[in-house]
Amino acid sequence: QADLQIDIAVRSILAFQRLIGNLLPVGNTRQHYVVNKGRRKKPPQFRSVLAQGKRFFQQLPDCVGQKVMFRQVAKQIVPGLYAVCWALAIFFIQEPKKRMIMSISFEHRIVQWAIYRVLNPIFTKSYISDSYGCIPGRGSLRAMQRLRSWIDQVSRKDEQWYYLKLDISKYFYRISHRVLKRILAKKIKDDRMLKLLYSIIDCSHTPFGLPPGKAPEDVPLEDRLYDTGMPIGNLLSQMFANIYLNELDQYCKRVLGIHFYIRYMDDIAILFNSKKQLWKWMHLIEAFLLDQLELQLNQKTCIRPIGQGIEFVGYRIWKDRAVLRKSTTLKIKRNLKGVRQRYMEYKIPFDKVTEVFTSYIGMLKHTDSKALIDKLYRDMVLTHGGGSFIEEEGKPVQVLCM
């Protein structure tokens, strides 16, 4: 049985047997499958992974069979024989900019889930309270509400306040493997666990990194970098991304002493009442990113009065209101138009229409978007087979045409 242990900075010691066994029982593997199965939008390549998951449970219907599979995985991992192949499928999405996504097989996803269940809660304890994104309970809505409360707070002061907006250029594509492994080695003292993580980080099957200044569509696969980049679309990539930029968070809070500092993945906002000080911080942060993390800021970095509104995590935020960005609003309208079309063509059921529509309305209710909500209700009229979908007392219902 595995006896691999992890010694993190907080002196937590966890047996590796829990990584493969107790922290990843059959119920958790099924949970991983169900959670992914329920995603609202799934490209064909991702649906193939879900199909693999379904076949996995069909082939191993009993707990005994699945425990045997876990034991086999453990036998590969413990002696350092485990190897991951990232590129089950490679595809691009446009949300809103073009991104390359790499998908891995269902079995490899289970291993990532096991590692994540052990490591992520431990690393999360070391994050600052205003770090958001891919952290339980700290999504984009919570980040927006936090920044909005700060804007409201400083707007009550007599002096003019400004914001510094920082955005890291091609963040996932530019993460240095060497730097990431150095950061992990400071926290994890077990050589075998480090070897497992390094094998995932340095996977040689498919390169993901981009040369500086290049966009994903400009670099063919054969010219991608092997020692840079974390594949978008994988669970451990999200965890590694937060661990990586936690170094910047600690620098800004502990060394620079910035109070109003908030980060959502690679999207950063800072508030202060002096443009000069914000420029000074920007140059120090820029130097830290380049020297310590081998990253660069992009051209969207700016300093402006908070009265102009701050674009952050898909919202535009003022002291007295927050709305969705125009591009997000247009995307919602296009998506709902597509839903109406698919319903008319009998491609999706009424329950699916209700699920999508109410999810958008639920998101908008956290913003000051009454006019937009009213318009979406007015436009949400579905017809097929003599039926229609209209608003009744503020809720979508289905009625039949007489």
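Residues numbered from 1 in each chain as written. Predicted model: local features only at pLDDT ≥ 70, side-chain atom pairs only at ≥ 80, totals over all residues. Heavy atoms only, no water.

Novice: For this particular structure, what's the right way to read the overall build of the protein chain?
Specialist: Scanning the protein chain from terminus to terminus reveals 14 helices and 15 strands. Total accessible area on the protein chain stands at roughly 20400 Å², and carbon and sulfur atoms take up 52% of it. (Helix = DSSP H or I, 4+ residues; strand = E, 2+ residues; numbered from the N terminus. Areas by Shrake-Rupley, 256 points an atom, 1.4 Å probe, with all protein chains shown as cover.)

Novice: Please explain the environment of Gln341 as it appears in this structure.
Specialist: Structurally, Gln341 is set in helix α12 (residues 326–344). Each C-alpha atom of the pair Gln341 and Leu382 lies 8.3 Å from the other, and the pair is 41 residues apart in sequence. A distance of 2.5 Å separates polar atoms of two side chains, one belonging to Gln341 and the other to Glu345. (Polar contact = N/O pair within 3.5 Å; in protein donor to acceptor, adjacent residues only side chain to side chain.)

Novice: What's the story with the pairing of strand β8 (residues 267–272) in this structure? I'm lost.
Specialist: For a regular strand, side chains alternate in direction, first toward one face of the sheet and then toward the other. Of all six residues making up β8, five are buried, and the element is well covered by its neighbours. Strand direction decides the pairing type here: strand β6 (residues 162–167) and β8, joined by six bridges, are antiparallel. Considered in β8, the bridge of Tyr163 is made with Leu271. Across four bridges, the pairing between strand β7 (residues 261–264) and β8 is antiparallel. Paired with Tyr261 across the strands is Ile270, a residue of β8. The turn joining β7 and β8, which pair antiparallel and follow one another in sequence, is formed by two residues; a positive phi near 50° is taken by Met265. (Buried < 20%, exposed > 50% of the residue type's maximum accessible area, 1.4 Å probe, protein only. Pairing = 2+ DSSP bridges.)

Novice: What should I look at first to understand the side chain of Asp130 in this one?
Specialist: In this structure, Asp130 sits in the loop between α5 (106–124) and β5 (131–132). A polar atom in the side chain of Asp130 sits 2.8 Å from the side chain of Arg146. Excluding residues that lie within four positions of it along the chain, Asp130 makes contacts with Arg146, Trp150, Tyr261, Ile262 and Arg263. (Contact = heavy atoms within 4.5 Å.)

Novice: Can you walk me through the pairing of β7 in this structure?
Specialist: As paired strands, β5 and β7 are joined by two bridges and run parallel to one another. Among the inter-strand pairings, Ser131 is bridged to a residue of β7, identified as Arg263.

Novice: Looking at this model, I keep getting lost on helix α13 (residues 350–364). Mind explaining?
Specialist: At 3.6 residues per turn, the α-helix brings residues three or four places apart onto the same side. When the terminal C-alpha atoms of α13 are compared, their 21 Å separation across 15 residues agrees well with the 21 Å that a helix rising 1.5 Å per residue should span. Among the residues of α13, those classed as buried are Phe350, Val353, Val356, Phe357, Tyr360, Ile361 and Leu364. Buried residues of α13 fall within an arc of 135° about the axis and therefore sit on the same side. (Expected span 1.5 Å × (residues − 1). Arc of directions from axis to C-beta.)

Novice: What is the right way to look at the pattern of salt bridges in this model?
Specialist: One side chain can pair with another of opposite charge once the charged atoms of both are near each other. In this structure the tally under the stated criterion is 16 salt bridges. Linked through salt bridges whose partners overlap, the residues forming this network are Glu311, Arg316 and Arg325. (Salt bridge = Lys/Arg side-chain N within 4 Å of Asp/Glu carboxyl O.)

Novice: What should I look at first to understand the packing of α12 against helix α14 (residues 370–379) in this one?
Specialist: The relative placement of two packed helices is expressed as an angle between their axes plus a distance between the axes. Axis separation between α12 and α14 bottoms out at 11 Å; the angle between their running directions is 15°. Considering their axes alone, α12 and α14 lie roughly parallel with respect to each other. With respect to the hand of their crossing, α12 and α14 are arranged in right-handed fashion. Residue-level inspection shows Thr329, Ile332, Lys333, Leu336 and Arg340 of α12 in contact with α14, the latter providing Leu372, Lys375, Leu376 and Asp379. (Axes fitted to C-alpha atoms, helices over the stretch in contact; angles between N-to-C directions. Parallel < 35°, antiparallel > 145°, perpendicular 65-115°, else oblique. Left-handed = near helix turned anticlockwise from the far one by under 90°.)

Novice: Honestly, the environment of His366 in this entry has me stumped. Any pointers?
Specialist: In this structure, His366 sits in the loop between α13 and α14. Exposure remark for His366: the relative accessible area of 39% places this residue in the partly exposed category. Each C-alpha atom, one on His366 and one on Leu141, is 8.0 Å from the other, the two residues being 225 residues apart in sequence. For His366, the residues in contact, after removing those within four places along its chain, are Leu141, Met144 and Gln145.

Novice: Help me out: how do you make sense of α12 in this one?
Specialist: Look at α12: 27 Å from first C-alpha to last across 19 residues, which is about the 27 Å you get at 1.5 Å a residue. Taken together, the buried positions of α12 are Thr328, Thr329, Ile332, Asn335, Leu336, Gly338, Val339 and Tyr343. Two residues or fewer past α12, Tyr346 is found with a positive phi of approximately 65°.

Novice: What should I look at first to understand the packing of α13 against α14 in this one?
Specialist: Interhelical geometry of α13 versus α14 gives an angle of 165° and a closest axis separation of 10 Å. In terms of orientation, α13 lies roughly antiparallel with respect to α14. In this structure, the crossing between α13 and α14 has a hand that is left-handed. The segment α13 lies against α14, with Phe357, Ile361 and Leu364 engaging Leu372, Ile373, Leu376 and Tyr377. Residue composition of the contact of α13 with α14, by class: seven nonpolar, no polar and no charged. (Nonpolar A, V, L, I, M, F, W, Y, C, P; charged D, E, K, R; others polar.)

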